[in-house]
Amino acid sequence: MNEIEFYELVEVLKTADAASLGVSGTRGVIIGLSEGEMGKMYAVLIGDRTYTLGRSSLMRTGERVDPESIYAGDAVRVLPVRYPEEEG
């Protein structure tokens, strides 16, 4: 299976995309995945910033991190916004 899993540690390869973001040769943790016109894109946490990279820029290490080591456990609460034109 070639799918990168959540919380897997990856090596960022030296590709044009990674170089343009300044993250070539670093290591990061997969914390998200999206799929669209450009194919699968991974959210990679490197240090305290998250970058979006394609599969061709990432190499699996086989290592995983504990999600609790990434998240502080704080919850974010978002309240819905109601606009006057929606009420009725």
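Note that the structure is a prediction, hence the values are computed from the model and not measured. (Residues numbered from 1 in each chain as written. Predicted model: local features only at pLDDT ≥ 70, side-chain atom pairs only at ≥ 80, totals over all residues. Heavy atoms only, no water.)

Here we take up the pattern of salt bridges. Inspection of every chain in the model, using the stated rule, returns five salt bridges. Members of the salt-bridge network, linked through shared partners, are Glu-11, Arg-27 and Glu-63. (Salt bridge = Lys/Arg side-chain N within 4 Å of Asp/Glu carboxyl O.)

With that out of the way, let us pick up the pairing of strand β3 (residues 39–46). Two faces make up the sheet, and in a regular strand the side chains alternate between them. With respect to burial, β3 is a largely interior element, six of its eight residues being buried. Pairing between strand β2 (residues 27–36) and β3: seven bridges, direction antiparallel. Paired with Gly-32 across the bridge in β3 is Ala-43. Hairpin geometry of β2 and β3 is characterised by an intervening segment of two residues between the two adjacent antiparallel strands. Across six bridges, the pairing between β3 and strand β4 (residues 49–54) is antiparallel. Within the sheet, the bridge partner assigned to Ala-43 lies in β4 and is Thr-52. Hairpin connection, β3 to β4: the antiparallel pair is bridged by two residues, and Gly-47 has positive phi, about 65 degrees. (Buried < 20%, exposed > 50% of the residue type's maximum accessible area, 1.4 Å probe, protein only. Helix = DSSP H or I, 4+ residues; strand = E, 2+ residues; numbered from the N terminus. Pairing = 2+ DSSP bridges.)

All right, on to the nonpolar core then. Of all hydrophobic cores here, the largest spans twelve residues; its members are Ile-4, Val-10, Val-12, Ala-18, Val-23, Ile-30, Tyr-42, Val-44, Ile-46, Tyr-51, Leu-53 and Leu-58. If you list the elements that add at least two residues to this core, you get β1 (8–12), β3 and β4. Looking at this core element by element, the count peaks at three residues for β3. Not counting residues up to four positions away in its chain, the partners in contact with Leu-53 are Val-12, Asp-17, Ala-18, Leu-21, Val-23, Met-41, Tyr-42, Val-44 and Leu-58. (Core = buried A, V, L, I, M, F, W, Y, C linked by side-chain atoms within 4.5 Å. Contact = heavy atoms within 4.5 Å.)

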